[in-house]
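A structural walkthrough
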Amino acid sequence: TLSAAARPMRLWVVGDSGTGNRVQAQIHEAMRRVAGREKRYPDLYLHVGDMAYGSGLDSEFQGYFFEPYEATLRNTCCFPAFGNHEGRSSKSATGKGPYYDCYVTPREGQSGGVASGTESYYSFDAGGVHFISLNSFDTSRQPDGAMGQWLKADLERAKADWLVAFWHHPPYTKGTHDSDDRKKAFELVEMRELILPILESAGVDLVLCGHCLLYTSPSPRDRQKS
């Protein structure tokens, strides 16, 4: 874990980035430009899913994640969350597929937190922060399911000053997805109604998600279906 020295922690949080297009490159370059000017690079890199469009294949991870972010990945640890595009070629029930080949997450609680026994969801400590990565796509979102029960146990034991949870499908959004649409966005609805109360009751300070794209000045060739 990172040292709990009394200094601010700098996170770089990215979601739905795996396009290989110019916008992805520009955002990475901008982050590194600011970090270089301030002589302060991210302590941690969190990815909230969809890092390899369109199907999370090994070749897409290579071309849309490892190569574009090479300069940062050399010395900054990336902790991921499972997205729906990764779910096209990887299955959490078996822990097999390119996503699970690319990452080794702390399933045994090696980095703090309660062991989840799966790389699908996990937790870790860094400095004064306890981070929780959840799977909102192909794992049960029921409070009495394996992930829900583990989440409750993990939060009960967490002693950090800050609690941060991150996953792919946002509980509240009105962008390219509508979190009130129970038919087309049931993952979003269930995360809000079933998992969010667990986090709120434990006093989680921050939730980070992706999936819903909110364009400011969209270019058709840069858009990717989420």
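Chains are numbered independently. Their residues run from 1 in the order of the written sequence. Local features in a predicted model are, by the rule used here, given only for residues with pLDDT of at least 70; side-chain atom pairs are given and counted only at 80 or more, and totals for whole chains, interfaces and linings are based on all residues. Water and hydrogen atoms were dropped before computing side-chain values, which therefore reflect all heavy atoms in the structure.

Some words on helix α1 (residues 22–38)
Under the convention used in this document: Helix and strand definitions here come from DSSP, where helices need a minimum of 4 consecutive H or I residues and strands a minimum of 2 consecutive E residues; each element is numbered from the N-terminal end. Every helix has an expected span of 1.5 Å times one less than the residues it contains. Note on exposure labels: buried denotes an accessible area under 20% of the residue type's maximum, exposed denotes more than 50%, and partly exposed covers the range between, all computed with a 1.4 Å probe on protein chains only. In this description, one arc is meant: the one made by directions from the helix axis to the C-beta atoms. By definition in these notes, contact holds between two residues if any of their heavy atoms fall within 4.5 Å. Here a polar contact is recorded for every N or O atom pair within 3.5 Å, except that within protein the pair must consist of a potential hydrogen donor and a potential acceptor, and residues adjacent in sequence are included only if both atoms are side-chain atoms.
Given a rise of 1.5 Å per residue, 17 residues ought to cover 24 Å, and the 24 Å separating the end C-alpha atoms of α1 matches this to within 8%. Q24, H28, M31 and A35 are the residues of α1 that are buried. Across the axial projection of α1, the buried residues extend over an arc of 60°, all falling on one side. Across from the buried face of α1, at angles greater than 90 degrees, the exposed residues are R33 and R37. On its buried face, α1 is in contact with β1 (11–14), α2 (58–66) and α3 (70–73). Near the N-terminus of α1, the side chain that reaches the backbone nitrogen of V23, with its oxygen 3.1 Å away, is that of N21.

A closer look at unusual backbone geometry
A cis geometry characterises the amide bond from Y53 onward to G54, with omega recorded as -5°. On the secondary structure map, G54 appears in the loop between β2 (44–47) and α2. With a phi angle near 60°, D50 is a residue other than glycine that sits in the positive phi range. Judged by its relative accessible area of 0%, D50 falls in the buried class.

Thoughts on the pattern of salt bridges
How we decide: Any Lys or Arg side-chain nitrogen located within 4 Å of an Asp or Glu carboxyl oxygen qualifies as a salt bridge.
Summed over all chains, the structure comprises nine salt bridges. Of the charged contacts, one joins E70 and R74 as a salt bridge, the two residues approaching to 3.8 Å between their closest N and O atoms. Using a relative accessible area of 45% as the deciding quantity, one classes E70 as partly exposed. Note that K174 is salt-bridged to D180, the shortest N-O span being 3.0 Å. According to the relative accessible area criterion, K174 is exposed, its value standing at 58%.

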